[in-house]
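Summary of the model geometry
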Amino acid sequence: MTTTTDGNGRKFDSKITFYVTLCWILAALGGLMFGYDIGISGGVTGMDGFLLKFFPIVYERKRVAYEDNYCKYDDQKLQLFTSSLYIAALVSSFVASKFCEKLGRKPTIFLASIFFLIGAGLSSGAVHISMLIFGRIFLGFGVGFGNEAVPLFLSEIAPVEYRGAVNILFQLFVTIGILIANLVNYATEKVHPWGWRLSLGLAGVPAMGLFIGSLIIPETPTSLVEHNKEEKGRKTLKKIRGVENVDPEFEQIKLACETARMVKNPFRNLMKRWSVPPLVIGVCLQMFQQFTGINAIMFYSPILFQTVGFKNDGSLLSAIITGLVNVFSTLISIYAVDKIGRRLLLLNACVIMLISQAAIGGILMANLTATNSLPKGLAWVVVVLVCVYVCAFAWSWGPMGWLIPSETFPLETRTAGFACAVSANMFFTFVIAQAFLSMMCHMRAGIFFFFAAWIIIMGFFVLFFLPETKGVPIDEMRERVWKKHPVWKKFMDTGSDDQDRAKKTMEELS
């Protein structure tokens, strides 16, 4: 049994039981589904059978030996196949926010699994491009609902001393999903002409796992108390903590919920002065996560490796290698995040990613023209540099982009604020997915210097604006983090807003 002391000296007891571990894993299957959707599209868009059926012009361009290396996949409809998922996720995340607030985290995860199942069926059975895009849109609805509910669920049921590690399970499962997708693509690429259907259809397997998991997991104690189910909330807290004495933690949850009830219109409250710090941090972290260039590499890694000279199966194999690096590096984050903190991981990664991105750009600029291929040795150097880059991202910006926004919003704006963060992620993912192949065509190797410049900006943002949240209970962020930060504390110097009045009232009542 472990005991955590909060900022007021109250002690929270907890055990890591089989039941709560199972709940973490089942909920994190939402990340597996998201990762599979990220990883599968790049391999599928390189398959001849898929291109012949839906994008014959791209297929012909691919076959022409003298076609420009940087431009042979530049097709807006092909990019729409990948990016449509993310614009659907952007819109649906705001709807998912209301579902999380009104119905709870568990029903929202259940709905995500239903959307995933419908999307997998439509995509794999597509007979024309509109059906294919509709399938991706339903998958996007699943991503919007899942990415809204799952990180919140994990943060709310995790003991404070393990909150970072538990929340990173979501990102770990994203990386496992990407790896599985790369393995599936490697196998189905040899199945002509319908291997792409198998790749898209197998998305139904993790979707079914999430569906079953959503029936087993409990609602979070916070959500139950929000919906006036205090006795059930207390019982659930006892069950997931594995101890009988949960009174101090339960009282803190009740206080947070009562404070939240006194603050109406969560989206309107996001525009108030005291909401600026977590909102800016949440949205910027999600934007920066995409402008590292990670999803450009993970979406299109098979195509990228084809561009530098690997054949189709070789490029898929290289993508599998980067997928393995992604998974194992995320395990480093699970171990380190609650020991050395969020900021140090992010700053360390910025240095490594900057060097690797600049090196890749330099090699391609010096050696890859419109019609040649890189020498085999240099092509493998690019693969190694991509792996170094992915490694640094996977222990830092990947998991922290989801962890920090899920733990910094107060309960009264938590679902609304996290919806803004998720939507920002989906918007910038859409932008990168829709634009990357065209950017690579027009900017050529300069695209890697474009992302490297953003990494410099990200490093300065972390250095000056991002507070450390390691070991701080979610409902004490305002007092222990924002009010003590040199930049953000001035946004908290107010005693007249709804939040202050509500908290003061509840403290007097208790």
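Every chain's residues receive numbers from 1 upward, in the order its sequence appears when written. Totals for whole chains, interfaces and linings use all residues, but because this is a predicted model, local features are given only for residues with pLDDT of at least 70 and pairs of side-chain atoms are given and counted only at 80 or more. With hydrogens and water set aside, each side-chain value is computed from the structure's full complement of heavy atoms.

**Structural notes on the packing of aromatic side chains**
Only Phe, Tyr and Trp rings take part, Trp by its six-membered ring, and two of them pair if their centres are within 6.5 Å. Stacked means planes under 30 degrees apart, edge-to-face means over 60, and tilted covers everything else. One pass over the full model with this rule turns up 28 aromatic pairs. Between the aromatic rings of Phe291 and Phe428, the centroid separation amounts to 5.6 Å while the plane-to-plane angle is 70°, which identifies the pairing as edge-to-face. Of the two residues, Phe291 sits in helix 14 (residues 276-291) while Phe428 sits in helix 20 (residues 414-443), which places them 137 residues apart along the sequence. Phe428 matches Phe291 in its accessibility class, with the two residues each being buried. For the ring pair Phe460 and Phe464, a centre distance of 6.3 Å and an interplane angle of 0° mean the geometry is stacked. In this pair, Phe460 and Phe464 both sit in helix 21 (residues 446-465), four residues apart, roughly one turn of the helix. Type-normalised accessible area, obtained with a 1.4 Å probe on protein chains alone, sets the label of each residue: buried when under 20%, exposed when over 50%, and partly exposed for intermediate values. On the basis of relative accessible area, Phe460 is assigned to the partly exposed category, the value being 47%. Members of the aromatic cluster, each reached through a chain of ring pairs, are Phe288, Phe291, Trp397, Phe427, Phe428, Phe450, Phe451, Trp454, Phe461, Phe465, Trp488 and Phe491. To sit over a ring, a charge needs its Lys NZ or Arg CZ within 6 Å of the ring centre and within 35 degrees of the ring normal. One cation-aromatic arrangement involves Arg136 over Phe81; the distance from NZ or CZ to the ring centre is 4.7 Å. When the ring centre of Tyr19 is taken as origin, the NZ or CZ atom of Lys239, which lies over that ring, is 4.4 Å away. Secondary structure is summarised from DSSP: a helix means a run of H or I of at least four residues, a strand means a run of E of at least two, and numbering begins at the N terminus for each.

**Side note on helix 21**
Residue count minus one, scaled by 1.5 Å, sets the expected span of a helix. Its 20 residues place the ends of helix 21 29 Å apart at the C-alpha level, agreeing with the 28 Å of an ideal helix rising 1.5 Å per residue. Taken together, the buried positions of helix 21 are occupied by Gly446, Ile447, Phe448, Phe451, Ala452, Ile455, Met458, Gly459, Phe461 and Val462.

**Details of the confidence of the model for the chain**
For every residue, the pLDDT score states the predictor's confidence, bounded by 0 at the bottom and 100 at the top. Taken over all residues, the pLDDT of the chain has a mean of 86, while the share at 70 or more is 88%. Across the chain, helix 5 (residues 105-124) holds the top mean pLDDT of 97, while helix 23 (residues 498-509) sits lowest at 50.

**What about the packing of helix 1 (residues 18-44) against helix 4 (residues 76-102)?**
Packed helix pairs are characterised by how far apart their axes lie and by the angle those axes make with each other. The convention used is that axes are lines fitted to C-alpha atoms, helices contributing only their stretch in contact, and that angles between N-to-C directions extend from 0 to 180 degrees. Interaxial distance between helix 1 and helix 4 falls to 10 Å at its minimum, and their mutual angle equals 160°. If you check the angle between helix 1 and helix 4, you find them roughly antiparallel. Helix 1 and helix 4 meet at a crossing whose hand is left-handed. Contact residues: Phe34, Asp37, Ile38, Ser41 and Val44 in helix 1; Phe81, Thr82, Leu85 and Tyr86 in helix 4. For this scheme, ten residues count as nonpolar: Ala, Val, Leu, Ile, Met, Phe, Trp, Tyr, Cys and Pro. Four count as charged, namely Asp, Glu, Lys and Arg, and the remainder, Gly too, count as polar. By residue class, the composition of the contact of helix 1 with helix 4 is six nonpolar, two polar and one charged. Orientation categories follow fixed angle ranges, with anything under 35 degrees roughly parallel, anything over 145 roughly antiparallel, 65 to 115 roughly perpendicular, and all other angles oblique. Definitions for this section: a left-handed crossing has its near helix turned counterclockwise from the far helix by less than a right angle. A right-handed crossing has that turn clockwise. Whether two residues are in contact is decided by their heavy atoms, any of which lying within 4.5 Å being enough.

**So, helix 7 (residues 163-188)**
Compared with the 38 Å implied by 1.5 Å per residue over 26 residues, the 38 Å span of helix 7 between its first and last C-alpha is a close match. Maximal helix bending in helix 7 amounts to about 30°, located at Leu169. Helix 7 sits mainly inside the fold: 21 of its 26 residues count as buried. Fitting one axis to the seven residues ending at a residue and another to the seven starting there, the bend at that residue is the angle between the two axes.

**Remarks on the side chain of Arg163**
Following the sequence through the fold, Arg163 ends up in helix 7. Looking at Arg163, the relative accessible area reads 2%, which means it is buried. When near neighbours in sequence (up to four residues on either side) are disregarded, Arg163 contacts Ser155, Ala158, Asp338, Arg342, Leu403, Glu407, Thr469, Val472, Pro473, Ile474 and Met477.

**Quick notes on the pattern of salt bridges**
Salt bridge, as used here, is a side-chain nitrogen of Lys or Arg placed within 4 Å of a carboxyl oxygen of Asp or Glu. For the structure shown, the criterion picks out 14 salt bridges. For Glu101, the salt bridge identified is with Lys98, shortest N-O distance 3.5 Å. Placement of the pair is Glu101 and Lys98 together in helix 4, with a separation of three residues, close to one helical turn. Its relative accessible area of 34% is what places Lys98 among the partly exposed residues.

**Observations concerning a nonpolar patch on the surface**
A contiguous nonpolar patch, built from Ile456, Phe460, Leu463, Phe464 and Phe465 and spanning about 470 Å² of accessible area, is present on the exposed surface. Accessibility expressed as a relative area gives 48% for Phe464, which makes it partly exposed. Patches in this entry comprise residues that are over 30% relatively accessible and not in a salt bridge; like charges within 9 Å are linked, as are nonpolar side chains (Val, Leu, Ile, Met, Phe, Trp, Tyr) within 5 Å. Shrake-Rupley sampling with a 1.4 Å probe provides the accessible areas, and residues are treated as covered by the protein chains on show and by no other component.

**A word on the nonpolar core**
Judged by nonpolar contacts, the single largest core of 80 residues is most densely connected at Phe34, Phe50, Phe55, Phe81, Phe116, Leu154 and Met426. Considering each element in turn, this core owes the most residues, 14 residues, to helix 1. Leave out the neighbours within four places in its chain, and Met426 touches Phe34, Tyr86, Ala89, Leu90, Val143, Asn147 and Trp402. Within this scheme, the nonpolar core is defined by two criteria: the residues are buried Ala, Val, Leu, Ile, Met, Phe, Trp, Tyr or Cys, and they are joined through side-chain atoms within 4.5 Å. Judged by nonpolar contacts, the second largest core, of 61 residues, contains Val383, Cys387, Val390 and Phe436.

**Remarks on the packing of helix 17 (residues 342-367) against helix 21**
In contact at an axis separation of 8 Å, helix 17 and helix 21 are set at 165° when each is read in the N-to-C sense. Between helix 17 and helix 21, the interaxial angle falls into the category roughly antiparallel. Both helix 17 and helix 21 take part in a crossing whose hand is left-handed. Residues belonging to the contact of helix 17 with helix 21 are distributed by class as follows: 18 nonpolar, five polar and one charged.

**What to know about unusual backbone geometry**
Going from His192 to Pro193, the amide bond is cis rather than trans, its omega being -5°. Residue placement: Pro193 occurs in the loop between helix 7 and helix 8 (195-201). Even without a glycine there, the phi angle at Asn228 is positive, about 60°. Within the secondary structure, Asn228 is located in the loop between helix 10 (221-226) and helix 11 (230-241). Since its relative accessible area comes to 61%, Asn228 is described here as exposed. Within the chain, Arg444 stands out as a residue other than glycine whose phi angle is a positive 55°. Take Arg444: it is sitting in the loop between helix 20 and helix 21.

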